[in-house]
Amino acid sequence: MKATAITVHRLIQGSKVFLIPTFQRRYTWRKEQWEQLWNDLLIEYGLEHPDDPEALYGHFLGSVVLHPALGPASTLMRHQVIDGQQRLTTILILLAALRDVRKEADPTWNPGSIDDQYLRNPFSTDFPDRLVPTKLDREAYERTVRLQDPTGDIGVAYNFFKMAIERAMRTDDLSLDRLENTLLLNMLLVEITTKTGDSVNSIFNTLNSKGMDLSAADLVRNEVLHHIGTGAADEAHSEYWVPMEVNLVTPRSKSPDREFVTFLWSREVAINPKTSRDDLFSKFEKRLRVTLNALPAQERNDHALGVLQEMYDDHLLFLIVRDPARGQADSRIARELLESLQTLKDWRSEPATPVALWLLKAAMAGDIEQSDAAAAIDVLMSYLVKRTLNGVPTNQLNRLLTPVAHDLAQRGANESVSERMRLLLSKQGYYWPTDDQVRAAVVGNPIYASARRYVKFLLSVAEERLPGMESADLSKSQIEHVMPQSLSGEWRAYFESADIDLSDAEALTHTLGNLTLTDNNQRMGNSSFKVKTQEFFDQSALRLNRALAEMPRFYPADIQARSESLANSILERFHHQPLASSADASQDESGASVRDRLQSLLQSLPVTRWVTEDDLVAVLGAAHDDIREIVATLDATLARLIRTESKAIPTWLPGELKSRVADQDRAQFDLGKRMQSEELSEFTAKADRQDGDPDDTGDTFDDEQ
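This is a predicted model, so every value here is computed, not measured. Counting restarts for each chain: residues are numbered from 1 in the order of the written sequence. Whole-chain, interface and lining totals are the exception, using all residues; otherwise, since this is a predicted model, local features are given only for residues with pLDDT of at least 70 and side-chain atom pairs are given and counted only at 80 or more. As a rule here, side-chain values come from all non-hydrogen atoms in the structure, and water together with hydrogens is ignored.

Comments concerning the overall build of the protein
Next, step 1: Each helix is a run of DSSP H or I of at least 4 residues and each strand a run of E of at least 2, with the numbering of both proceeding from the N terminus. Along its length, the protein carries 35 helices and eleven strands.
Next, step 2: What you see for the protein is a C-alpha radius of gyration of 28 Å, in line with the 27 Å of a compact globule of 705 residues.
Next, step 3: Each principal axis of the C-alpha distribution contributes one length, and for the protein these read about 80 × 75 × 50 Å.
Next, step 4: Summary of the burial criterion: residues with accessible area below 20% of their type's maximum are buried, those above 50% are exposed, and those between are partly exposed, where the area comes from a 1.4 Å probe applied to protein chains only. Sorting the 705 residues of the protein into buried and exposed places 55% on the buried side.
Next, step 5: Contacts are residue-level and defined by heavy atoms, with any inter-residue pair within 4.5 Å sufficient. Considering only contacts in the protein between residues 6 or more positions apart, those separated by 24 or more positions represent 77%.
Next, step 6: Only the protein chains shown count as cover for residues, with accessible areas throughout obtained via the Shrake-Rupley method and a probe of 1.4 Å. Looking at the protein as shown, the accessible area adds up to about 31,200 Å², and 48% of this sits on carbon and sulfur atoms.
Next, step 7: Taking the average place of the 79 positive charges on the side chains of the protein and the average place of its 107 negative ones, the gap between the two points comes to 4 Å. Computation of the radius of gyration draws on C-alpha atoms, with the globule rule given as 2.2 Å multiplied by the number of residues to the power 0.38. Residues counted as positive are Lys and Arg, residues counted as negative are Asp and Glu, and His and the chain ends are not counted. By convention, charge coordinates are those of NZ in Lys, CZ in Arg, CG in Asp, or CD in Glu.

Okay, here's the thing in C-alpha cells:
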C-alpha cells in the first residue's frame, strides 16, 4: 500500500468515482462527528496559511483507503473506498450544503464550480455522482446532493451543515469563498492506495482489527528527546518521561494515553488556545522548533531538556488537579485552594481542566495569590452550576472554556484573576444565567435527562445546606425519582383523584424537584408517595428525605416549588453572578433550549432509531403542545423520526409536513427500533456530553424501573 498526504481538493477533483463496497456499513455519522468536523473547519478557517497552493498546511482529518475498482475501459478512475467512507461521504455532503447556501446568497454564482469539479461526473451516464454509497443510502444521497432534496440520514447531515453555515454567516460574518478554500486546501487527508491484486476484504479486516497509531504523547516524547540529543536523551527519558508515563498511562484501558494527552493539551491551550487534541502535536512541534531555531545551536539541547523538566513539574500539578488530596502533603498549597479544586473535581467537567491547571501553576509560581486562585475557581463553579440548573446545553463548553486559561494570563497588572474570570465568563455568547433566570427555568428543566451526571453533586450540595449538625454518608447513595419514571396505577390514581392532568405531572419527571438521594433505590421501586414517605423518607438519615416526609402531598405544583427551593439553596452556595452584559445572552440561550435540545437529540439519534411524542415529553420536560409546535417547524428528515407507538406518522403533524415525511419514508428504508424514554434519557445525557469527561461511567445511576 502507498500512503500520501493530500488535500481534500486533490483527493476528489478530476474524473473519479468512489464506490462504497457492499461489505461496508451504511452512513452512520451523527451530530457528534458533524460538530467535530465543523469545529475543526472553523478553527482552520481562522488561521493564516501559506500563499503557496501546493504547500500541505492544515488540519489532518484522517485517512481514506482506496482500492482500484475493476470495470470496462472508461475515462473515469474508479476506486473502492475500503476505509474512511464516513469521512469522505460527510465531506461531500458538506460541500453540497456549502454549494446551496452560496447559490441562495448569490444567485449569479455558478454552482458548477463545486458540482462539476467535486460532486458530479457531468458527462457520465453510468456514474453521474462522484460517490456511489451503499444501496441503503444511495437514493437518499442522490436526492440530497444531486437534487437538493434533503432525504433520510444523509439529509439530516446536509441540513446540519447548511444551518451551521447560515448561522456562521449571520453571527461571524463568514466568507463562503474562504470557507470553501479552507475545506478544499487546508483540510488534509492521508490517501492510502492499494494494488489491484490485494484482497479488499483482507485489507478491510486488517485495518479494523489490528495496529495502533502513535498517540500525541508518543509524538511529543520523540520530538523532545530528539532535540535533547543522543547523549542526554536516555537519562532524561528515565528521569522525567518514564515517571510521567507511570502516573498518566493506563496500559490495559481502551485509550491508554488518554490522560497523558489531556495533560499535554491542557498545557498547550494555555499558550495557544486554538490547539485541539487532534492537532496537539503539530502545534507543540511548531512552537518548539520556532523557539529552538531562534537560539544559538549550542543552547538548543539544554533548552529542550528544560522543556521536558517543566513538563514533568507541570504533571505533578496536574495530578493534584485530578486528585486534590495529593496536595495535602504539600505545605505550600493553601487549604482554601485545595478545597476549591476538590469542588471542581467533584463536578467533573473536563473543559475546566486547563483552567484549573493554569491557576494552580500560577499560584505555585507566586504569580497570583492562592486565595485569588480559589476565588476564581468559585466563580467558574458558579458559572457551571447555574448553566446546568438553567438547562443550558453543555455541548459548547469545550469551545467556551478552552481559551480561558490563555485569556487569564493576559489580565491587567492590577486586575485580580477572579475578577478577570468573572469578566471572561460574562462575555456575549458565554450564556451565564442570573439567579432570577435560574429560578424561572429550573422548575421545568429536565435535569436528570439533560445533565444527569451533575444531579448527585447538586443534591449533595442541597443536603449539606439544610439545617442540622450531622451529615449523612452520600458515597453510596443513588438518584431516586420520587414520582417514578413510569407511573404505576397507584400514582395515576393519585393524580386523577386530584383532577390533575397526567401529562402535567409527567412533564416534571426529570426535574430537580422530583429527585432525591437514597441507598434504598431498589426497595422503593414504584411505591406510592405515601409508602415512600412513611417507610423510607421518614426514617432516612438524609435531611433531603426527611423534608420530603413532611410534605402533605406531591402534586405538580409541589414538585415545582421543591425545584425552586432546592435551587435557592444551591444558589446560596454558588453565589457569584454574571456581569449585566451576560444576562440577555443567557436568556436567549435558555429560551431556545427546548427547541435546540429537541433538534440536537434527533440529529444525534443512532441510525434506524425513532421516538414518540411521549418519549420527548418525558425527556425534555416540555408540554405536549410545546413539543408539537416545535416539531411542526422541523425539516421532514427530523420530523420523520417522531412516530406513534405503532410506528405510524403522527396524525397531529401539519398536512404538508406529513406529506413530506411520507415521501421520506418512500425514499428511505424502514425505521428500526424505538428508543423509549428510559433509554433516551441515558442516551441524551451522553449525547449532550461533548466535553470529554474523564470518567464517563461516573456514579451509579440505577433508578426504579
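Focus: the packing of aromatic side chains
Each aromatic ring pair is summarised here by two numbers: the centre-to-centre distance and the angle between the ring planes.
Next, step 1: The criterion for an aromatic pair is that two Phe, Tyr or Trp rings (for Trp, the six-membered ring) have centres within 6.5 Å, with stacked assigned to planes under 30 degrees apart, edge-to-face to planes over 60 apart and tilted to the rest. Inspection of the entire model under this criterion finds 16 aromatic pairs.
Next, step 2: Summarising the aromatic geometry, the rings of Tyr383 and Tyr430 are spaced 6.5 Å apart at their centres and angled 50 degrees between planes, so their arrangement reads as tilted. Taken together, the residues Tyr383 in helix H16 (residues 370-390) and Tyr430 in the loop between helix H19 (417-425) and helix H20 (435-442) connect sequence positions 47 residues apart. For the pair shown, Tyr383 and Tyr430 are each scored as buried.
Next, step 3: Consider the rings of Trp491 and Tyr494, whose centres lie 5.7 Å apart with planes at 80 degrees: the pair is edge-to-face. Taken as a pair, Trp491 and Tyr494 lie in helix H23 (residues 489-496) at a separation of three residues, close to a single helical turn.
Next, step 4: Taking relative accessible area as the criterion, Trp491 reaches 1% and is therefore assigned buried.
Next, step 5: The class of Tyr494 is partly exposed, set by a relative accessible area of 22%.
Next, step 6: Taken together, Trp241, Phe260, Phe263 and Phe318 form an aromatic cluster joined through their ring pairs.

Examining the sheet that holds strand E1 (residues 2-7)
Next, step 1: Spatially, the six strands line up as an open sheet ordered E1-E6-E3-E4-E2-E5, and their pairing is mixed. Of all the strands in the sheet, just E1 and strand E5 (131-132) have a single pairing partner and so form its edges.
Next, step 2: Sheet analysis places strand E3 (residues 59-68) next to strand E4 (residues 77-83), joined by four bridges and oriented antiparallel. Bridge pairing in E4 links Pro68 to His79.
Next, step 3: Think of each axis as a best-fit line through the C-alpha atoms, taken over the contacting stretch in the case of a helix, with angles from 0 to 180 degrees between the N-to-C directions. Lying on the sheet, helix H3 (residues 85-105) is in contact with strand E2 (16-19), E3, E4, E5 and strand E6 (187-193); it crosses E3 at an angle near 110 degrees. Strand pairing is defined by DSSP finding a minimum of two bridges between the two strands.

A few points about the packing of helix H12 (residues 280-293) against helix H13 (residues 297-322)
Think of two packed helices as two axes; the pair is described by the angle between the axes and how far apart they sit.
Next, step 1: At a minimum axis distance of 10 Å, the contact between H12 and H13 shows a crossing angle of 140 degrees. As judged from the angle between their axes, H12 and H13 are oblique. In this structure, H12 meets H13 at a crossing whose hand is right-handed. Facing Phe284, Leu288, Thr291, Leu292 and Asn293 of H12, the residues of H13 in contact are Arg300, His303, Ala304, Val307 and Met311.
Next, step 2: As a working rule, the residues Ala, Val, Leu, Ile, Met, Phe, Trp, Tyr, Cys and Pro are called nonpolar, Asp, Glu, Lys and Arg charged, and the rest polar, with Gly in that last group. The class makeup of the residues in the contact of H12 with H13 is six nonpolar, three polar and one charged. Every angle not falling under 35 degrees, over 145, or within 65 to 115 is termed oblique; those three ranges are roughly parallel, roughly antiparallel and roughly perpendicular. Less than a right angle of anticlockwise turn of the near helix away from the far helix marks a crossing as left-handed, whereas a clockwise turn marks it as right-handed.

Observations concerning the pairing of strand E9 (residues 609-612)
For a regular strand, the rule is simple: side chains alternate between the two faces of the sheet.
Next, step 1: Burial along E9 is two-sided: the residues Arg609 and Val611 and Trp610 and Thr612 are all buried.
Next, step 2: Relative to strand E11 (residues 673-674), E9 runs parallel, the two being bridged by two bridges. Considered in E11, the bridge of Arg609 is made with Lys673.
Next, step 3: Bridging between E9 and strand E10 (residues 642-643) involves two bridges; their strand directions are parallel. By the bridge assignment, Val611 is partnered in E10 with Ile642.

Quick notes on the sheet that holds E11
Next, step 1: The three strands lie next to each other as E10-E9-E11, forming an open sheet whose pairing is parallel. Edge positions in the sheet fall to E10 and E11, since each of these pairs with one other strand and no more.

Considering unusual backbone geometry
Next, step 1: Positive phi outside glycine occurs at Gln148, with the angle close to 55 degrees.
Next, step 2: Within the secondary structure, Gln148 is located in the loop between helix H5 (135-146) and helix H6 (152-172).
Next, step 3: Within the chain, Lys647 stands out as a residue other than glycine whose phi angle is a positive 75 degrees.
Next, step 4: By the element assignment, Lys647 lies in the loop between E10 and helix H34 (655-667).

Some details on the pattern of salt bridges
Next, step 1: Any Lys or Arg side-chain nitrogen located within 4 Å of an Asp or Glu carboxyl oxygen qualifies as a salt bridge. Applying the stated criterion across every chain, the model contains 44 salt bridges.
Next, step 2: Its salt-bridge partner being Glu245, residue Arg221 comes within 3.5 Å of it at the nearest N-O pair. Pair noted here: Arg221 is in helix H9 (residues 216-228) and Glu245 is in helix H10 (residues 230-248), with a separation of 24 residues, a long-range link.
Next, step 3: A salt bridge links Arg289 to Glu223; the shortest N-O distance between them is 2.6 Å. Taken as a pair, Arg289 in helix H12 and Glu223 in helix H9 lie far apart in primary sequence, 66 residues in all.

Structural notes on the environment of Ser238
Next, step 1: Within the secondary structure layout, Ser238 lies in helix H10.
Next, step 2: In this structure Ser238 comes out as partly exposed when scored by relative accessible area, which is 49%.
Next, step 3: Residues Ser238 and Arg643, 405 residues apart in the sequence, show an inter-C-alpha distance of 61 Å.

Considerations on helix H32 (residues 624-631)
Next, step 1: Every buried residue belonging to H32 is among His624, Ile627, Ile630 and Val631, and all of these are buried. One face of H32 carries all of its buried residues, which in axial projection span an arc of 130 degrees. Exposed positions of H32 whose direction lies more than 90 degrees from the buried face are Asp625 and Glu629. In this description, the arc belongs to the directions extending from the helix axis to the C-beta atoms.

A short note on the side chain of His9
Next, step 1: Considering the arrangement of structural elements, one finds His9 in helix H1 (residues 8-12).
Next, step 2: On the basis of relative accessible area, His9 is assigned to the buried category, the value being 18%.
Next, step 3: The definition of a polar contact used here is a pair of N or O atoms within 3.5 Å, where within protein one atom must be able to donate a hydrogen and the other to accept one, and adjacent residues in sequence count solely through side-chain atom pairs. Here the side chain of His9 touches Tyr118 through a polar contact of 2.9 Å, side chain to side chain.
Next, step 4: Among all residues touching His9, those that are not within four sequence positions of it are Tyr118, Leu184 and Leu185.

Observations concerning the packing of helix H11 (residues 258-269) against H13
Next, step 1: It is the contact of H11 with H13, at a shortest axis distance of 10 Å, that shows an interaxial angle of 110 degrees. Judged by the inter-axis angle, H11 sits roughly perpendicular to H13. Taking contact as the criterion, the partners of Glu259, Thr262, Phe263, Leu264, Ser266 and Arg267 in H11 are, on H13, Glu310, Met311, Asp314, His315, Phe318 and Arg322.
Next, step 2: For the contact of H11 with H13, the class distribution of residues is four nonpolar, three polar and five charged.

Some words on the environment of Thr151
Next, step 1: Mapped onto the fold, Thr151 is located in the loop between H5 and H6.
Next, step 2: Residue classification places Thr151 among the buried positions, given a relative accessible area of 0%.
Next, step 3: Sequence separation of Thr151 and Thr90 is 61 residues, and the distance between their C-alpha atoms is 14 Å.
Next, step 4: Once you skip the residues sitting within four places of it in the chain, Thr151 turns out to touch Ala140, Arg143, Thr144, Thr637, Gln664 and Ala667.
Next, step 5: Side chain to side chain, Thr151 and Arg143 meet in a polar contact 3.2 Å long.

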